[in-house]
Structure formats: structure tokens, C-alpha cells
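# Geometric and topological summary
Chain by chain, the residues:
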Amino acid sequence: MTGQAAQAAYYNTYTDIADTPNTSCCTGVQGFAAGSTYLYSVKNHTNVDDVSVIYRVNKTTGERVLMTNGTNGGTTNTWLGHGNDMTIVDIDAQHHLFVVTMKENGPQLVRLRYDGTTYYHAGSYQVRLNGAAFAPSGINRVSVSSTTITFLFKSGRTIYNGSLPLRASSGTVDLTKAFDLQVEGALVNGAPVADLGTFLTQGIFYDAAKKVLYYPLTKDNRSIVLVYRNVSPTTTGTAPAATDLSFRITSSAYSELFEIEGVGISDGKLYFNTNRASETASADGVHVFNGYVA
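What comes next concerns the included structure.

### Some points on the overall build of the protein
Per the secondary structure count, the protein includes zero helices and 27 strands. Scaling as 2.2 N^0.38, a compact globule of 294 residues should have a C-alpha radius of gyration of about 19 Å, and the protein matches this with 18 Å. A principal-axis box enclosing the C-alpha atoms of the protein has dimensions of 45 × 45 × 35 Å. Within the protein, the fraction of its 294 residues that count as buried is 53%. Long-range pairs, those at least 24 residues apart, make up 50% of the contacts in the protein between residues at least 6 apart in sequence. For the protein, the exposed surface amounts to about 11,600 Å²; the carbon and sulfur share of it is 46%. Of the side chains in the protein, 21 bear a positive and 23 a negative charge, and the two mean positions are spaced by 6 Å.

### Brief notes about the sheet that holds strand S5 (residues 52-58)
Read across the open sheet, the four strands follow the order S3-S4-S5-S6; overall the sheet is antiparallel. Of all the strands in the sheet, just strand S3 (28-34) and strand S6 (64-66) have a single pairing partner and so form its edges. Ignoring which end each strand starts from, the neighbouring axes of this sheet average 25° apart. Pairing analysis gives seven bridges linking strand S4 (residues 38-44) to S5, with the strands arranged antiparallel. Looking at S5, one finds that valine 42 is bridged to isoleucine 54.

### As for the sheet that holds strand S26 (residues 269-277)
Within the open sheet, the four strands sit side by side as S2-S27-S26-S25. Their pairing is antiparallel. The open sheet is flanked by strand S2 (14-19) and strand S25 (257-266), the only strands paired with a single partner. Mean inter-strand twist for the sheet, computed between neighbouring axes without regard to direction, equals 30°. Pairing geometry for S2 and strand S27 (residues 285-289), over five bridges, is antiparallel. Of the residues in S27, the one forming a bridge with alanine 18 is valine 286.

### Side note on the nonpolar core
A general feature of soluble globular proteins is that nonpolar side chains tend to end up buried together. Membership of the largest hydrophobic core comes to 24 residues, with the highest contact counts inside it found for Phe179, Leu181, Leu196, Leu213, Tyr215, Leu226 and Tyr228. Contributing elements (two or more residues each) for this core: strand S16 (170-181), strand S21 (212-219) and strand S22 (222-229).

### Some remarks on the pattern of salt bridges
Applying the stated criterion across every chain yields a total of ten salt bridges. Where arginine 167 meets aspartate 92, a salt bridge forms, and the shortest distance between an N and an O atom there is 2.9 Å. In this pair, arginine 167 sits in the loop between strand S15 (158-165) and S16 while aspartate 92 sits in the loop between strand S8 (85-91) and strand S9 (94-100), placing the two residues 75 residues apart along the sequence. A residue is classified by how much of its surface remains accessible, and arginine 167, at 51% relative accessible area, is exposed.

### Things to note about the environment of isoleucine 224
Relative to the helices and strands, isoleucine 224 is located in strand S22. Remark: the alpha-carbon pair of isoleucine 224 and valine 53, spanning 171 residues in sequence, is separated by 26 Å. Dropping the residues within four chain positions of it, isoleucine 224 is found in contact with Val188, Val193, Leu196, Phe199, Tyr215, Pro216, Leu217, Phe247 and Arg248.

### Concerning the pairing of S16
As judged from the six bridges shared by strand S11 (residues 118-129) and S16, these two strands associate in the parallel manner. Paired with glutamine 126 across the two strands is threonine 172, which belongs to S16. Where S15 and S16 come together, four bridges link them in antiparallel fashion. When the bridges of S16 are listed, isoleucine 159 appears paired with phenylalanine 179.

### So, the side chain of asparagine 221
With respect to the secondary-structure elements, asparagine 221 resides in the loop between S21 and S22. Accessibility expressed as a relative area gives 18% for asparagine 221, which makes it buried. From its side chain, asparagine 221 meets the backbone oxygen of serine 251 in a polar contact 2.7 Å long. When residues no more than four places from it in sequence are discounted, the contact partners of asparagine 221 are Ile249, Thr250, Ser251, Tyr254, Ser255, Glu256, Leu257 and Phe258.

### A short note on the packing of aromatic side chains
Per the stated rule, a full pass over the model turns up 17 aromatic pairs. Aromatic pair tyrosine 11 and tyrosine 292: ring centres 5.2 Å apart, planes at 70°, arrangement edge-to-face. Of the two residues, tyrosine 11 is situated in strand S1 (residues 10-11) and tyrosine 292 in the segment after S27; the sequence distance between them amounts to 281 residues. Neither tyrosine 11 nor tyrosine 292 differs from the other in exposure class; each is buried. Aromatic pair phenylalanine 247 and phenylalanine 289: ring centres 4.9 Å apart, planes at 55°, arrangement tilted. Here the residue phenylalanine 247 occupies a position in strand S24 (residues 246-250), and phenylalanine 289 occupies one in strand S27, the gap between them amounting to 42 residues. Aromatic ring contacts, followed pair by pair, group Tyr11, Tyr14, Phe205, Tyr214, Phe247, Phe258, Phe272, Phe289 and Tyr292 into a single cluster. Over the aromatic face of tyrosine 38 sits the side chain of arginine 56, whose NZ or CZ is 3.6 Å from the ring centroid.

Conventions we followed
- Numbers given for residues are sequential positions, taken from 1 along each chain in its written order.
- In view of the model being predicted, local features appear only for residues whose pLDDT reaches at least 70, and side-chain atom pairs are presented and counted only at 80 or more, with totals across whole chains, interfaces and linings using the full set of residues.
- Side-chain numbers here rest on the full set of heavy atoms in the structure, without hydrogens or water.
- Going along the chain from the N terminus, every DSSP run of H or I of four or more residues is numbered as a helix, and every run of E of two or more is numbered as a strand.
- Restricting the calculation to C-alpha atoms gives the radius of gyration, and the globule rule supplies 2.2 Å times the number of residues raised to the power 0.38.
- Summary of the burial criterion: residues with accessible area below 20% of their type's maximum are buried, those above 50% are exposed, and those between are partly exposed, where the area comes from a 1.4 Å probe applied to protein chains only.
- Residue contacts follow a heavy-atom distance rule, with two residues in contact if any of their heavy atoms lie within 4.5 Å.
- In this description, accessible areas are obtained by the Shrake-Rupley approach with a 1.4 Å probe, and a residue is regarded as covered only by the protein chains that are shown.
- The charge count includes Lys and Arg as positive and Asp and Glu as negative, but it does not include His or the ends of the chains.
- The location of each charge is read from NZ of Lys, CZ of Arg, CG of Asp or CD of Glu.
- By the convention used here, strands pair only if DSSP detects at least 2 bridges between them.
- Axis definition: a line fit to C-alpha positions, over the contact stretch in the case of helices; interaxial angles, taken between N-to-C directions, run 0 to 180 degrees.
- To form a nonpolar core, buried Ala, Val, Leu, Ile, Met, Phe, Trp, Tyr and Cys residues must be joined to one another through side-chain atoms within 4.5 Å.
- The term salt bridge refers to a pairing of a side-chain nitrogen on Lys or Arg with a carboxyl oxygen on Asp or Glu at a separation within 4 Å.
- Whenever two N or O atoms come within 3.5 Å, that pair is a polar contact, provided that in protein one can donate a hydrogen and the other can accept it, and provided that, for residues adjacent in sequence, both atoms are side-chain atoms.
- Centres within 6.5 Å make a pair out of two Phe, Tyr or Trp rings, where for Trp the six-membered ring is used; the pair is then stacked when the planes are under 30 degrees apart, edge-to-face when over 60, and tilted otherwise.
- In this scheme, Lys NZ or Arg CZ marks a charge over a ring once it lies within 6 Å of the ring centre and within 35 degrees of the ring normal.

This is the structure in C-alpha cells:
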């Protein structure tokens, strides 16, 4: 699907960059992260969450590579659980992916170091809220100092703060609540969506420089991305959704399923990955919204 945005602050068309086909038993698209050159997308064993793969896609050429597990060999791994969201962090000039597993038991956060198309297990962490195990479904880096990485985490409609020592390969992330996100009554192309409260929440992306958070929601063949401005780790209460900026895809080509799983900004463009299915085929992939400049 290509074409111009419907109006200046509403974007409802996109361009495919690459398919991310099913491989091994991995059929469910999950976490997403956008780097300066490459887009990273997790696929896992749907409804089982025992095996995952990671695709790397060149955002300009569309070249797709199934990344290699440098720790165990092959292209699958058993570390990521549901792998619902991830974020890129550079540590000592090495690239890392931090992935939320959504496991109630075991590590709720996993760190992978990657070099080119090969990744390695580099850390596992327990996530806690009020002293109890907690499995967030979204994550995004906020800042990196000489000693500490700070993150925003998401569960449902609530955003939490958490941090880790920069080089720790294990430990505990203790979360504190930051703010909630308005969903009901949020405007999409200038009008509320009657059943928006029944949409599933997915990953998040936080633009720390501009203090803007992007929040995808999905239901069947509809995907909506709400935007929240002027939010930060110190925000409290309920953050209102922007009334003048929104994204929506309602797909007739993929009538059974069009789920935006994660979003990310690179070079000012808003990229995303999807679970897509029609009556005859699945066609998961990575894509970019047309016309939008962050």
C-alpha cells in the first residue's frame, strides 16, 4: 500500500520494506527496534514462547537476513520468551538489544550483544514491582550514562521507570510507576474510535530527545498508533493523547489480521513490524509510514 497521507497530521498509508517469513516453528511477530541502518524484528513460536528468531532488514535496500545465534549456533534461541518488545543500547561501542520476555518466572529482561548478523546472550535480569516479579510488555531506552542505563517500561496502559548498571550481566530492575496513558476518547484523525478501549496494546517507542512516546494498539485488521507529547520519566498522572497527530491502518488486503507489533524512529521516519494475514496467506513484514517526519 502506497500513497499520500490523508492530511498533515494523520497518516494511514505505508510502504513495505521486506517480508519476514515464518521459519522453523516461529510464526508470530513480536518485538521491534529501529537502528541507524537496520531494522530488527523478533518472531517466536506462537502461543508456546519457547523458541525465537531475529530478522535484520536493511531499511534502505530491504535486504533481509535471519540472524545467527553465536552462543549456541543455528538461527533460533530459547531465551526471549514472548519477546514482546526490545530496544537498542550501545555499551562500550558494542551494540545490544534489551528484550522483555513477559515471563512470570525466570528472567523478565534479556540482553543480547550483536555484531553484524550474529547475536550472543549477554545478560538476564529479574524485573520487580513492589518487590514481586513483574513482566512488562514494552521497553525503550531513555538514556545511557557512564554508569547507568535508564528505561521506560510499559504494562497495559501504564509506564514505569527502571534502570540497570551499565555493564551488569545480571541483577534486578526495580520499577516505579511513572504515568498512565489516555486511550478512551483519544482522537484518531480528529475523532474518537468507539471501541478503542478493546484494542490490544503492543510495544512502545520513546523519543527521548523530543519527549514523545508512540503507542501502537491493534484489533483484527486495524492498527492505531497514538502519540503522547511532553512525557518523561518524571511525568505523573495520566498523559493525554495528542489531538493533532495519529496513525491508523485499516487493511482490506489483510482482512484477518493487521497487527502493528512495534514501532521505531530512524532518520525521522516511523518504521514498524506486523503480523499480517489474509484468508489465503500470512505476510508478516517490516514497513514505514508514508510522509511522516518526526
